[in-house]
Amino acid sequence: MLKSIQICALLILFLTESYAQQLVTISGFVKEKKTKELLIGVNIYLPNTNTGISTKTYGYYSLSIPAQDSVTLVYSMVGFQRKIMRLPFNKNQKLDIELEDENYLQEVVISSKSEQNKQSNSPNMSKIDLPVDQIKNLPTLMGEKDVLKIIQLLPGVQKASEGQSGIYVRGGGPDQNLIILDDAVVYNASHLFGFFSTFNGDALKSVELTKGGFPARYGGRLSSVIDLTMKDGNKEKFSGEGGFGLISSRLLLEGPLKFNKNKPTKGSFLVSGRRTYVDFVMRPFIKAQNQESEGKQTSGYYFYDLNIKLNYEINAKNKIFLSSYLGDDVFYNKYTSETDNSDAGLNWGNITSTLRWNHVFGQKTFGNASLIYSNYGFNIFTKETRLNSLEANNFTLNYDSGIEDYSLKYDVDYYQKPNISFRFGVMATHHTFTPEALILQNASSEVNLNKDKSYKVWENAIYTESIWSPVPKIKINAGLRLSQYLITNAPQHRLEPRVSAAYKVKDDLAIKVSYANMNQYLHLLTNTGLGLPTDLWVPATEKVAPQSSSQIAAGAVKDINQDKGISITLEGYYKKMNNIISYKEGASFLSINSNTSVEDNGWENKVTSGQGESYGMEFLVQKKVGKFSGWVGYTWSKTLWTFEELNFGKSFYPKYDRRHDLSLVGIYKLKPKITLSGIWIYGTGNALTIPIAEYRAYSSTYIRGDNLDNPIGWRNFTVQEYGERNSFRAEPYHRLDLGIQFHKKKKRFERTWDVSIYNAYNRKNPFFYTASNDQTFFGTSTGSNTNNTLTLKRYSLFPILPSITYNFKF
Amino acid sequence: MRNKFNIFIISYLSIIFLSCETIIDDIPLSRFPDLQEKLVMTSFLCPQDTMIYVSLGKSIPLFGTVKIDTTKVLIYTGDSANFLRVNNYVSDAIVSISDGIKGSILKFNPKHKFYEISRRDFRIESGKTYTIKAKSGNLEVEASTKIPSQRVRINNLQIRPFMQITSTFFEKDTNIGYQLQFDWLDIAGEPNYYKVFGEMTYQQLEPVIKNVENKEEVSIVEKTKYAYFRWPNEQSSAVRSYYTDQNADGNQFKIGAVNFFENRSIFRTKSGTYKSETVPDSDKIIRVQLSNISKEFYDYQKSLSEHNRTDDNPFAEPIQVYTNVKNGFGCVAGYNRTETVVGTK
């Protein structure tokens, strides 16, 4: 608390500081030349000084520096040609800049001789911008390019099980990631039980991962922020791209919105879709099977997603954007015969929608208002009808779970001076949680559990943050967020101080430290951690307190060999988490037990809360430019959980505690037409609970001792012994993926054949373990003996899996 | 070009076939660090009991080849039979009990496989702490428990005749018996745990079938039978038998309705089908016990019933059964009991 007051005082001090010199402001938008797409993360700086700024989400920049006759400004970004502008600089001016993609200079090898994008320049730490273009070059599982799986390759981030897109950041759970797509929260970012993520790489402009030192503008989750921005759409001409893969096809179309041929384009649109076709492929096989059986069965699975974005420039000062995402996973099974009908299904999906309005107030202030809708729903149903039965013998089960949000948000960026800028905002979100609504119906009874049990809560926040450079060598991002949570009659207010600072030791070496306090007012109930749709989102309630965390991190960044754009990052962190929840021992999703009453079956009674602690070291070497690019990431970490009601109060390793985690990622442009790529990953095995022994346990339940075998009336059971919770370590995970791409420019379009080999050396990685019993009976004169051989078996999921995708772009 | 494409297709298909081999593998035993046998010791100590019993068995590592003797493993518990897979007992151990000052050795009873000592030879007293030790070969275990010092009285016991209509797959039937109601007052100012237990003794007429020279002879005899608490809407009594005063310190605990039902058996013989029948106007003895149990008693029983409840649910988190036995498994727990016995006449 004292700390936050000090920060506040500092902020006020510098707001009121008088102007020493007359400052001149240059501001504008930076766009991509060909498509007029607004560019995020473009660095604008005065060469050989520490004065500079970078564009934010809407491509806007504003730089105030002392007036002078002329200045040289550099605009630069990875993957684009640098632009150097020499301008007179004695009065305020507006300058929109267009940068050209460096790939369009086919034969010229670009040497990026500059201090562009130096990691050591930014005050933020634990933040990684994912190069969306690099993602497209990497090998993948079944040809599906997946942003979240690439994020798993970064240090500090761990995957769940084989093939899963669930994300565990610095010892945090999969619910502690704030995944936002154009400002809208995406609650379940997985398709097909987590094997694919919901994000279609074609439609994305930028992906940014923050693991610690969170700026105050983000809140509501403990462990990470994954901020995804959709492309705006090509403003110059109608274009598209797409691909045909083994399991799905995708298509993206974009183009200008023209209402008047004679006027310049004011807006653009983008539509991008993807759908799997396993169900179409399977249909003939199912039909063949139907011919043999009495009834008719149709079953299948598909998922699709659709991204839509529209933007319109009302005038130079006002822009509006509308973006929407829609995705669904559907399993269906229908059976019809003369005697009975059955209809069953399982589906889940997200809908998000964001309407935004950008407004430029003068030159130094940029505002954005967002109206956001987000919805996640999950449903299982079974309906059985027996036609010929005398009694009506119908059975219906319907289970719903979901969350629906409406938010309103306003953010303002204020660029006061070259060494100080501010950002502040307010946000209000109304959540409606329906954790579980179950209806069971048969001829004789109807059970209606928690049908109307939904929670309506408000989650609000105000924040302010400032980037400030008191002396040229030090840059500080300090902020404060006040979050408010309204459920029933007990509002909760929590103050979250955030600070990160960088000290530039040398031109190419910086030391950084950060502290962040986070609160999370919702929990994810998960048995498996697999990102299954059976995971339930639940609000913090009077019984189940909100989660909170504090994290400190320290690290160093060094840029070496500027021609090749190599940077090395080393970071250490310590994170403490409070009130994280877990299922109680023995509890599970949808365990309807006739032993317990309806109230006992509610989720609040199935969970228990505890504490988590995580610490580790992360090492990252990155090379972003040149013929060869890629990264090496290594993490050493340790995570411990302590729950009063689990493991009898003793600390234990959660399932995804991982001591070592290594990723090697490389992309090599062999020829202009051929790109090679490879990924190798290694991770310590998951911590699991596995039965190791069996014994006879006596219960005191007293009964009359009236038979010879049981004179004292104790009852006995065979029980399993598991050892300490999660004391079994699965075998380590490692895998090599290889990819090759052949590019060719055709007359009207450009095509790419993309061949991937997943798990190239066919490593049998553990997916789960199960005990299996081989018994041989042999009779004896007194009874029978059993020769019992129990073995633990490892099930692996993906052997070597090649795939091929045809991609096109026009 | 076509040729190249064919080569590509062939190599692709061969990779697919190669990958179709099994993806299930055995895990070597060397990955398990601790696969030794351990002793399993269980005892419940109560000042009101006439005998002290200690059961001593061994845990069997699950993995690897184990010979299990499956003779005599049917254990009858009330109205159901449990098939036991692990039925080992340790008969050669030295088992001792001590209150810190005096101690005694328990004797193995080969008939029912428990170690035992009578109250005459070793007395359990309220408020004292007892330690039981067992040693067999190089395995050694011990566990301690404190007997709760206070007993809690059963108040306001009410008994009324009760009938319930049940529908089975074959027919509509009735359950005949009694419904009980009672309460007790929690001891304030300390954490307490309770166990309730009920038993009804009744007489039934049952056929006894004898085969004499290939002929069936049926005679009807009177037999003493026992029934136990049945909770409304419950399949198992385990969940409702144990109570804690957490968040209810000093409160009155009330059992609103719990039932006893007479068990009806059907005997199918060559000469016909017989049903067991109630002896008209016979007196039934109802016995209700309320035990003030130690925390380890509560934790152990709770984890045991949770373990059994979720045995076959693949999604459920695994349950560790509580133990307070050092270097082994099982539980040594104390309790202090009151009892009310009422005849229905």
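Quick caveat: nothing in here was measured; it's all calculated off a predicted structure.

1. A word on the overall build of chain B
Okay, so step 1: A tally of regular secondary structure across chain B gives two helices and 23 strands.
Okay, so step 2: Restricting to contacts in chain B with at least 6 residues of sequence separation, those with at least 24 account for 67%.
Okay, so step 3: Within the structure as shown, chain B displays about 19000 Å² of accessible surface, and the carbon and sulfur contribution to it stands at 50%.

2. Description of the overall build of chain A
Okay, so step 1: The helix and strand tally for chain A stands at four helices and 48 strands.
Okay, so step 2: Per-residue burial over chain A gives 57% buried out of 810 residues.
Okay, so step 3: Considering only intrachain contacts with a sequence separation of at least 6, the fraction spanning at least 24 residues in chain A is 67%.

3. Re a nonpolar patch on the surface
All names here are of chain A.
Okay, so step 1: On the surface, a cluster of nonpolar side chains totalling about 540 Å² of accessible area is made up of Val-271, Ile-308, Leu-310, Leu-322, Leu-355, Leu-371 and Leu-408.
Okay, so step 2: Residue placement: Val-271 occurs in strand S20 (residues 267-276).
Okay, so step 3: Owing to a relative accessible area of 34%, Val-271 belongs among the partly exposed residues under this scheme.

4. A word on a positive patch on the surface
Okay, so step 1: A cluster of basic side chains, namely Lys-34, Lys-237, Lys-745 and Lys-809 of chain A, defines a positive patch on the protein surface.
Okay, so step 2: By the secondary structure assignment, Lys-809 of chain A is in strand S48 (residues 801-809).

5. Digging into the packing of aromatic side chains
All names here are of chain A.
Okay, so step 1: Across all of its chains, the model carries 52 aromatic pairs over all chains by this definition.
Okay, so step 2: Geometrically, the ring pair formed by Phe-643 and Phe-652 is tilted, given 6.4 Å between the ring centres and 35° between the ring planes. Across the pair, Phe-652 and Phe-643 agree in class, each one buried.
Okay, so step 3: One aromatic cluster in this structure is built from Phe-238, Phe-244, Phe-269, Trp-753, Tyr-806, Phe-808 and Phe-810.
Okay, so step 4: Seen from the ring of Tyr-733, Lys-159 lies directly overhead, with NZ or CZ sitting 3.7 Å from the centre.

6. Remarks on the pairing of S48 of chain A
Residues and elements named next belong to chain A.
Okay, so step 1: For S48, the tally of buried residues reaches seven of nine residues, placing the bulk of the element in the interior.
Okay, so step 2: Bridge count for strand S18 (residues 239-244) against S48 is four bridges, and the pairing is antiparallel. Along S48, the bridge assignment pairs Gly-242 with Phe-808.
Okay, so step 3: Pairing geometry for strand S45 (residues 750-758) and S48, over nine bridges, is antiparallel. Bridge assignment links Ser-756 to a residue of S48, and that residue is Ser-803.

7. Quick notes on the pattern of salt bridges
Residue and element names in this part refer to chain A.
Okay, so step 1: Following the criterion strictly, the structure yields 40 salt bridges over all chains and no others.
Okay, so step 2: In this structure, Glu-37 engages Lys-205 in a salt bridge whose closest nitrogen and oxygen atoms are separated by 3.6 Å. On the criterion of sequence distance, the pair formed by Glu-37 in the loop between strand S1 (23-32) and strand S2 (43-45) and Lys-205 in strand S16 (residues 204-210) is long-range, its members being 168 residues apart.
Okay, so step 3: By relative accessible area, which is 6% here, Glu-37 ends up buried.
Okay, so step 4: Here Asp-305 ties to Arg-274 by a salt bridge, and the two come within 3.0 Å at their closest N and O atoms. Here Asp-305 is found in strand S21 (residues 296-315), whereas its partner Arg-274 is found in strand S20, with 31 residues between them in sequence. Here the two residues Asp-305 and Arg-274 agree in accessibility, since each one is buried.
Okay, so step 5: Linked by salt bridges that have partners in common, Glu-37, Asp-182, Asp-183, Lys-205, Asp-232, Lys-309, Arg-356, Lys-409 and Asp-411 make up one network.

8. Some thoughts on the sheet that holds strand S3 (residues 52-54) of chain A
Residues and elements named next belong to chain A.
Okay, so step 1: If you trace the four strands from one edge of the open sheet to the other, you get S3-S2-S5-S6, paired in antiparallel fashion. This sheet does not close on itself; its edge strands, each paired only once, are S3 and strand S6 (83-89). Strand after strand, the sheet turns through a mean of 20° between neighbouring axes, direction not considered.
Okay, so step 2: Pairing analysis gives three bridges linking S2 to strand S5 (residues 68-76), with the strands arranged antiparallel. Looking at S5, one finds that Tyr-45 is bridged to Val-74.

9. What to know about the sheet that holds strand S13 (residues 184-185) of chain A
Residue and element names in this part refer to chain A.
Okay, so step 1: Spatially, five strands are ordered S9-S16-S17-S12-S13 in an open sheet, and the strand pairing comes out mixed. Edge positions in the sheet fall to strand S9 (127-130) and S13, since each of these pairs with one other strand and no more.
Okay, so step 2: In terms of strand pairing, S9 meets S16 through four bridges, oriented antiparallel. Within S16, the residue paired with Lys-127 across the bridge is Thr-210.

10. Side note on the confidence of the model for chain A
All names here are of chain A.
Okay, so step 1: Averaged over all residues, the pLDDT of chain A equals 81, while 82% of them reach at least 70.
Okay, so step 2: In this model residues 591-599 is a low-confidence stretch, pLDDT under 50, and it forms 20 contacts with partners more than four residues away in sequence or in other chains.
Okay, so step 3: The model gives residues 775-784 a pLDDT under 50, and that stretch makes 18 contacts with residues more than four places away or in other chains.

11. Brief notes about the side chain of Ser-483 of chain A
Residue and element names in this part refer to chain A.
Okay, so step 1: Here Ser-483 shows up in strand S29 (residues 474-486).
Okay, so step 2: Take Ser-483: its relative accessible area is 3%, and that puts it in the buried class.
Okay, so step 3: A distance of 3.0 Å separates polar atoms of two side chains, one belonging to Ser-483 and the other to Glu-496.
Okay, so step 4: When neighbours within four sequence positions are excluded, Ser-483 is seen to be in contact with Asn-460, Ala-461, Gln-492, His-493, Arg-494, Glu-496, Asn-519 and Tyr-521.

12. Focus: the environment of Pro-264 of chain A
Okay, so step 1: For Pro-264 of chain A, the location among the structural elements is in the loop between strand S19 (248-257) and S20.
Okay, so step 2: Along the backbone, Pro-264 of chain A and Glu-236 of chain A are 28 residues apart, and their C-alpha atoms lie at a distance of 9.5 Å.

13. A short note on the state of the cysteines
Residues and elements named next belong to chain B.
Okay, so step 1: One pass over the structure, following the stated rule, counts zero disulfides over all chains.
Okay, so step 2: As a non-bridged cysteine, Cys-46 has Cys-331 as the owner of its nearest cysteine sulfur, 14 Å distant.
Okay, so step 3: Since its relative accessible area comes to 0%, Cys-331 is described here as buried.

14. Observations regarding the pairing of strand S23 (residues 328-343) of chain B
All names here are of chain B.
Okay, so step 1: Pairing geometry for strand S2 (residues 39-45) and S23, over seven bridges, is parallel. Bridging from a neighbouring strand, Phe-44 pairs with Ala-333 of S23.
Okay, so step 2: Bridge count for strand S22 (residues 285-293) against S23 is nine bridges, and the pairing is antiparallel. Following the sheet pairing, Ile-286 is matched in S23 by Val-342.

15. Section: the confidence of the model for chain B
All names here are of chain B.
Okay, so step 1: Averaged over every residue, the pLDDT of chain B is 79; the share at 70 or more is 77%.
Okay, so step 2: Here residues 16-21 scores under 50 on pLDDT; set against residues more than four positions off or in separate chains, the count is four contacts.
Okay, so step 3: For the stretch residues 67-86, pLDDT sits under 50, and the model shows 59 contacts to residues farther than four places along the chain or on other chains.
Okay, so step 4: What the predictor reports for the complex is a pTM of 0.78 with an ipTM of 0.79.

16. Examining unusual backbone geometry
All names here are of chain A.
Okay, so step 1: Located in the positive-phi region is Asp-183, a residue other than glycine, with phi close to 80°.
Okay, so step 2: Relative to the helices and strands, Asp-183 resides in the loop between strand S12 (177-181) and S13.
Okay, so step 3: Residue Asp-183 is classed as buried on the basis of its relative accessible area of 16%.

17. Here's the deal with the environment of Gly-328 of chain B
Residue and element names in this part refer to chain B.
Okay, so step 1: Note that Gly-328 resides in strand S23.
Okay, so step 2: Between the C-alpha atoms of Gly-328 and Leu-39, which are 289 residues apart in sequence, the distance is 5.1 Å.
Okay, so step 3: Among all residues touching Gly-328, those that are not within four sequence positions of it are Lys-38, Leu-39, Val-141 and Thr-323.

Quick notes on the rules
Residues numbered from 1 in each chain as written. Chains lettered and ligands numbered in written order. Predicted model: local features only at pLDDT ≥ 70, side-chain atom pairs only at ≥ 80, totals over all residues. Heavy atoms only, no water. Helix = DSSP H or I, 4+ residues; strand = E, 2+ residues; numbered from the N terminus. Contact = heavy atoms within 4.5 Å. Areas by Shrake-Rupley, 256 points an atom, 1.4 Å probe, with all protein chains shown as cover. Buried < 20%, exposed > 50% of the residue type's maximum accessible area, 1.4 Å probe, protein only. Patch = residues over 30% accessible without salt bridge, like charges linked within 9 Å, V, L, I, M, F, W, Y side chains within 5 Å. Salt bridge = Lys/Arg side-chain N within 4 Å of Asp/Glu carboxyl O. Lys, Arg positive; Asp, Glu negative; His and termini not counted. Charge placed at Lys NZ, Arg CZ, Asp CG, Glu CD. Phe/Tyr/Trp six-rings, centres within 6.5 Å; stacked < 30°, edge-to-face > 60°. Lys NZ or Arg CZ within 6 Å of the ring centre and 35° of its normal. Pairing = 2+ DSSP bridges. Axes fitted to C-alpha atoms, helices over the stretch in contact; angles between N-to-C directions. pLDDT = per-residue confidence, 0-100. Polar contact = N/O pair within 3.5 Å; in protein donor to acceptor, adjacent residues only side chain to side chain. Disulfide = S-S within 2.5 Å.

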